[in-house]
Amino acid sequence: MKGVRKVLVAVNGNLEVLDAGIQLSRDEKTWVTVVKVVPEYDGDLNLTGIKNIRDMLDSGAGAAEAGIKSEAEAQRALIKTRIETGDIHEKILDVAEEENCDIIVMGASRKRGISGVINRLLGGNTLERVVRNATCPVLVVGA
């Protein structure tokens, strides 16, 4: 892919996506930004009976960031990581614009059967929303 200088890798727990983004960066000598989006929790945290529930909800992002950095170090790749909170597809698109990315690398959902069909009918597929609204190409990894 000629002309690619900035790559955004949107991770969802699948390191295959990160590997593809790092490989693309090696081929093109590009900058790589990795984003993990944590959905906002809209419920009443006081009703759960756990004092530090917000820390528990965010701890998944911290573990994901550590895994991303570990994988990048193992591959000797320099990356920038961003943890964002909010609507997943909107945050991916926002980061791509803010970072002036030339391509977005994302993983395909592995949902099959009735749940996958319902998800698509209700417009809940993050990948489809990003592909439809991105101002740059989207590379989909895995199927």
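All values derive from a computational prediction rather than experimental measurement.

Reading guide: rules and limits
- Residues numbered from 1 in each chain as written.
- Predicted model: local features only at pLDDT ≥ 70, side-chain atom pairs only at ≥ 80, totals over all residues.
- Heavy atoms only, no water.
- 1 Å grid on protein atoms, 1.4 Å probe; cavity = no way out; pocket = protein on both sides within 12 Å on 5 of 7 lines; lining within 4 Å.
- Points joined across faces, edges and corners; volume = space filled by probe spheres on them.
- Helix = DSSP H or I, 4+ residues; strand = E, 2+ residues; numbered from the N terminus.
- Salt bridge = Lys/Arg side-chain N within 4 Å of Asp/Glu carboxyl O.
- Pairing = 2+ DSSP bridges.
- Axes fitted to C-alpha atoms, helices over the stretch in contact; angles between N-to-C directions.
- Contact = heavy atoms within 4.5 Å.
- pLDDT = per-residue confidence, 0-100.

**With respect to the layout of surface pockets**
- Of the pockets and cavities examined, the second largest pocket occupies roughly 150 Å³.
- Of all the elements, strand E2 (residues 31-38) adds the most residues to the lining of the second largest pocket, at three residues.

**Considerations on the pattern of salt bridges**
- In total, this model carries five salt bridges according to the counting rule given.
- The network of salt bridges with common partners includes Lys80, Arg82, Glu84, Glu98 and Glu99.

**Examining the sheet that holds E2**
- In spatial order, the strands read E3-E2-E1-E4-E5; together these five strands make up an open sheet with parallel pairing. Strands at the two margins of the open sheet, each flanked by one partner only, are strand E3 (80-85) and strand E5 (138-141). Each neighbouring strand pair of the sheet contributes to a mean axis angle of 25°, computed without reference to strand direction.
- Across the face of the sheet, helix H5 (residues 126-133) comes into contact with strand E4 (103-107) and E5 while running at roughly 165° to E4.

**A look at the side chain of Thr33**
- Position of Thr33 relative to the elements: it lies in strand E2.
- Among all residues touching Thr33, those that are not within four sequence positions of it are Val7, Leu8, Val9, Lys80, Arg82, Val95 and Glu99.

**Re the confidence of the model for the protein chain**
- Put simply, the protein chain has an average pLDDT of 79, and 72% of its residues get 70 or more.
- Averaged pLDDT values for the elements of the protein chain fall to 50 in helix H4 (residues 113-121) and rise to 96 in helix H3 (residues 88-98).

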